Amino acid sequence: MSAPRGQWNSKIGFIMAAAGSAIGLGNIWRFPYVTGENGGGAFVLFYVIFVVLIGLPYMYAELALGRATQQNPVGAIEKIRPKSFWRMAGFLGVITGVGILSFYAVIAGWTVAYIYKMFVGQVGGFGAFVADPWSEISLFALFVALTSLIVQKGVSEGIERWSKILMPLFFILLLALVIYAMTLDGAGKGLEFYLKPDFSKITGRTLLAALGQAFFSLSLGMGTMITYGSYLSKNDNLVTSGVSVALFDTLIALFAGLIIFPALFTMGKDPSAGPTLVFVVLPELFAQMPGGLVVGALFFVLLTVAALTSTISLLEVPVSYLIDDHKMDRKTIVWIVAGITFLLGLPSALSQGASEFFSNFGLIPASFTSADFLSQMSFIFGDIALAVGAISLSIFVGWVWGIDKAADEVEKGAPLFAKTRGLWKFIIRFVIPLVILLVLLNTVHIF
Ligand code: PFF
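Parameters at a glance
- Sequence order sets the numbering: in each chain, residues are counted from 1 along the sequence as written.
- With pLDDT at 70 or above as the cut-off, local features in this predicted model cover only qualifying residues; side-chain atom pairs require 80 or more to be listed or tallied, and sums for whole chains, interfaces and linings still use all residues.
- The side-chain values count all of the structure's non-hydrogen atoms but skip hydrogen atoms and water molecules.
- In the sections that follow, a salt bridge refers to a side-chain nitrogen of Lys or Arg positioned within 4 Å of a carboxyl oxygen of Asp or Glu.
- Starting at the N terminus, helices and strands are each numbered in turn, a helix being any DSSP run of H or I of at least four residues and a strand any DSSP run of E of at least two.
- The rule is simple: take the accessible area with a 1.4 Å probe, protein chains only, and divide by the maximum for that residue type; under 20% is buried, over 50% is exposed, in between is partly exposed.
- Only C-alpha atoms enter the line fits that serve as axes; for helices the fit covers just the stretch in contact. Angles between N-to-C directions range over 0 to 180 degrees.
- Oblique is the label for every angle not falling under 35 degrees (roughly parallel), over 145 degrees (roughly antiparallel), or within 65 to 115 degrees (roughly perpendicular).
- Crossing handedness is read from the near helix: turned anticlockwise from the far helix by less than a right angle, it gives a left-handed crossing, and turned clockwise, a right-handed one.
- A contact between two residues is defined here by any heavy atoms of the two lying within 4.5 Å.
- Just so you know the grouping, Ala, Val, Leu, Ile, Met, Phe, Trp, Tyr, Cys and Pro go in nonpolar, Asp, Glu, Lys and Arg go in charged, and all remaining residues, Gly too, go in polar.
- One heavy atom suffices: a residue is near a molecule or strand as soon as one of its heavy atoms comes within 4 Å of it.
- For this analysis, a polar contact is any N or O atom pair within 3.5 Å, provided that within protein one partner can donate a hydrogen and the other can accept it, and provided that sequence-adjacent residues contribute only side-chain to side-chain pairs.

1. A few points about the pattern of salt bridges
In this structure the tally under the stated criterion is 14 salt bridges. Notably, a salt bridge pairs K234 with E409, separated by 3.3 Å at the nearest N-O pair. Of this pair, K234 sits in the loop between α11 (224-229) and α12 (238-267) while E409 is found in helix α17 (residues 373-411), placing the two residues 175 residues apart along the sequence. Exposure remark for K234: the relative accessible area of 37% places this residue in the partly exposed category. What you see here is one network of salt bridges that share partners, running through D404, D408, E411, R421 and K425.

2. Structural notes on the packing of helix α2 (residues 25-37) against helix α3 (residues 41-69)
The relative placement of two packed helices comes down to the angle between their axes together with the axis-to-axis distance. Where α2 contacts α3, the two axes come as close as 8 Å, and the packing angle between them is 130°. Taken together, the axis directions place α2 and α3 in an arrangement best described as oblique. Viewed along their axes, α2 and α3 form a crossing whose handedness is right-handed. Between α2 and α3, the residues in contact are F31, V34 and T35 and F43, V44 and Y47, respectively. For the contact of α2 with α3, the class distribution of residues is five nonpolar, one polar and no charged.

3. Some thoughts on the site of the ligand
In the region of the ligand, 15 residues are neighbours, and A22, G26, Y104, F216 and T224 sit closest. Residue N27 places a side-chain N or O atom 3.5 Å away from an oxygen atom belonging to the ligand. Here Y104 contributes a side-chain N or O atom positioned 2.5 Å from an oxygen atom of the ligand. When contributions to the shell around the ligand are tallied by element, the ones reaching two or more residues are α1 (11-22), α2, α10 (204-217) and α14 (292-326).

So, in structure tokens, the structure goes:
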């Protein structure tokens, strides 16, 4: 007997959970620093184009595959093409989930610490904080444990209930901060850097970064949406749900930029500071706002929750695979995967100054990403693995499963999809594989 599969309790529950997966550190921490590293406006433009043209249509492919097969990423492929090499695309997703979680939870640990730091008014000292091995490791361990406790409870109990309440609150707080940021002295300069495209800054690396960020931010390319789609019912409308998720996610990333860049230019800081950017700029912004430390504490509480709804989905992918495939008990699996994640994440936790070796790891050339282990993991799993995963899965859906079966699945519960069906089929079969391939080839060429 296979273990009973969970299902979402409501349509809004699914949207909130999928949006919860999508919205996270990728929007608030990763998007602004990658934008800063890649020269601003032109990068943002390509990012938005990739979300609309590639991310959203691709999301439907993952959701349809999950709902049609009612399986995890490996099981879904196995069900359609048993014992074929295509299952490697599913495995890649499972491994990518652990890979991303291993560095993501390190940053999430920083957000937890900043709740406290804001309360006690400790604004500076970021460099010394992340270079302390013991606080880094304990905060990281705490976050992995927190994620595991929730995932252990299962789909609707753990994941759905939390997302539904806290995500809307986060949205409102961000909006208020955007309005405040517009009143800062550096707002004009910040907006110019952020929104005015300078196409001379576009290189192969910029395109890969924009594509990678689009996948990362929407939680695509590793089967998260296959897994979440498998908990959907046939009456759910994939199309409108997908639009809501992509819209919320992109708006929140764009809001984050509208806060960070005005603040950054007001303070005269360097936009290309890398992964530490947000943690240096935001606390200073809160410190100079009237009553800002309380707002700052609340902000980091909500960012912690946003990170948690994302780490939950990262862990859920390997866990759902092991439950479906090995019929093991959810609890046991959760703690085994958590243990592996913890070991894999230790070098990232020590890579911000605690260990000389991991801080200057430098396997991937500096023209792509910073030398520290954490940035390197973010590049390998957050950019490359997601792009490779997405190209494999879109070819699988478009050419192996059969594009019409996939389109039928999307159309169930979404009759209006019939109007754009032809365009969608073309995008999945041709546009997505080709664009990703070109971007990847371009990258190799630069290597
Ligand atoms: N989308 C999340 C974020 O932007 O923070 C991160 C993420 C979650 C990436 C789940 C990939 C994933 F499958």
